[in-house]
Amino acid sequence: MLIRSAPDLRDRDVTDKALYLRRREFIAAGAGAAATLGLGLQPAMAGAVVGAKSRFSTTEKATSKNDITSYNNYYEFGVDKSEPAENAGRLKTRPWTVVVDGACGKPQRFDIDALIKRFPLEERIYRMRCVEAWSMVIPWVGFPLASLLKAVEPTAAAKFVAFETLADPAQMPGVRDPVLKWPYREGLRIDEAMHPLTLMAVGLYGETLPNQNGAPIRLVTPWKYGYKGAKSIVKISLVETQPPTAWNLASPREYGFYSNVNPAVDHPRWSQATERRIGEFLRRKTLPFNGYGDQVASLYQGMDLRKFY
Ligand SMILES: Nc1nc2c(c(=O)[nH]1)N[C@H]1C(S)=C(S)[C@@H](COP(=O)(O)O)O[C@H]1N2
Ligand SMILES: [Mo]
């Protein structure tokens, strides 16, 4: 992947790669072929999304792109791991707006492409630990959620952040399944949301985020179980009280609000002590806060982490 420092980022860095190639063809072919080429463009082509290297990245070996994009949880497209890759191709990710509202001085609707251009992008290679006891190492490209929140100027009343994602039965066959109460919702405490590790991802492996991974924009909180990472976000609200979350509503006994990775507290139906790193044979020990304790444990001082799982 091409690495450039953030200030050097240009519009072409987020220009669709195939579109760029077509443009060159277009110039070569001359105006006559223009209309034909234009009509032939497909909306779901992968494009380059370049991010500057980050000191927050792990040096662990990244999981293969094939595994990251074919073994997914995205229940709006089906509950099987293979279904998101099979069904998410139909998701229309442009035009797309993200509303940021609630307890803030400047509530706004952001066009996704304006948002991607507005904040310097970084590559963040993070571990991801699913509550189902498998894990991956994923090279995201994105920007800190803190940058976006600062832009809307949160007020002192903003104690939590609520995330709402798309739930469109016309595009998402899974939302007819009452396995979750749609739309998929997640939440963070304001200090968790403002933490430098908390990322809004718009790319993966240096390219536009694939639909099955949460295009066009999803949350990533690497010290929490993967389900906190809400995909295809349409609304972010600054709120005064702890917001309801999809998994907690579905099964409060099994899924809490905080959901910090904790090998000492088992899921009621399985152990959380170890995990299967996708692509590896032997199981690994799961680390408290998924190995990010040095950076985030202070957020939870005084809380009983056996209770607030
Ligand atoms: N909207 C939405 N977001 C979601 C989910 C989902 O079903 N719907 N699944 C979550 C779960 S359980 C996990 S482990 C991660 C998986 O992200 P990945 O497929 O990009 O690895 O997405 C999370 N975000
Ligand atoms: Mo998960």
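Each remark here, short or long, concerns the structure printed above.
Residues numbered from 1 in each chain as written. Chains lettered and ligands numbered in written order. Predicted model: local features only at pLDDT ≥ 70, side-chain atom pairs only at ≥ 80, totals over all residues. Heavy atoms only, no water.

A.B. asks: Is there a simple way to think about the layout of surface pockets in this case?
C.D. replies: Rolled over the atoms, a probe as big as a water molecule pinpoints where empty space is left. Taken as a whole, the second largest pocket encloses approximately 410 Å³ of empty space. Considering the residues around the second largest pocket, the lining is formed by 26 residues, among which Asn73, Tyr74, Tyr184, Gly226 and Tyr227 are closest to the centre. Broken down by element, the residue count for the lining of the second largest pocket peaks at four residues, all from strand E5 (residues 134-144). Of the residues contributing to the lining of the second largest pocket, the split by class is 16 nonpolar, six polar and four charged. (1 Å grid on protein atoms, 1.4 Å probe; cavity = no way out; pocket = protein on both sides within 12 Å on 5 of 7 lines; lining within 4 Å. Points joined across faces, edges and corners; volume = space filled by probe spheres on them. Helix = DSSP H or I, 4+ residues; strand = E, 2+ residues; numbered from the N terminus. Nonpolar A, V, L, I, M, F, W, Y, C, P; charged D, E, K, R; others polar.)

A.B. asks: What's the story with the environment of lysine 81 in this structure? I'm lost.
C.D. replies: Position of lysine 81 among the secondary structure elements: in the loop between helix H3 (65-70) and helix H4 (83-87). For lysine 81, the contacting residues outside a window of four places in its chain are Ser70, Tyr71, Asn72, Asn73, Glu132 and Trp134. At 2.9 Å, the side chain of lysine 81 forms a polar contact with the side chain of asparagine 73. Engagement of the side chain of lysine 81 in a polar contact is seen with the side chain of glutamate 132, the distance being 3.0 Å. (Contact = heavy atoms within 4.5 Å. Polar contact = N/O pair within 3.5 Å; in protein donor to acceptor, adjacent residues only side chain to side chain.)

A.B. asks: In this structure, what is going on with the site of ligand 1? I would like to understand it.
C.D. replies: Around ligand 1, the surrounding shell holds 17 residues, and the nearest of these are Asn72, Tyr75, Glu76, Gly229 and Lys231. Here a nitrogen atom of ligand 1 sits 3.2 Å away from a polar atom, N or O, in the main chain of asparagine 73. Measuring from an oxygen atom of ligand 1, one finds a side-chain N or O atom of arginine 218 at 3.0 Å. When ligand 1 sits alone it has 540 Å² of accessible area, and the protein chains cover 99% of it. If you map ligand 1 onto the pockets, it falls in the second largest pocket. Grouping the amino acids of the shell around ligand 1 by side-chain chemistry returns eight nonpolar, six polar and three charged. (Near = heavy atom within 4 Å. Areas by Shrake-Rupley, 256 points an atom, 1.4 Å probe, with all protein chains shown as cover. Sits in = over half its atoms within 2 Å of the grid points.)

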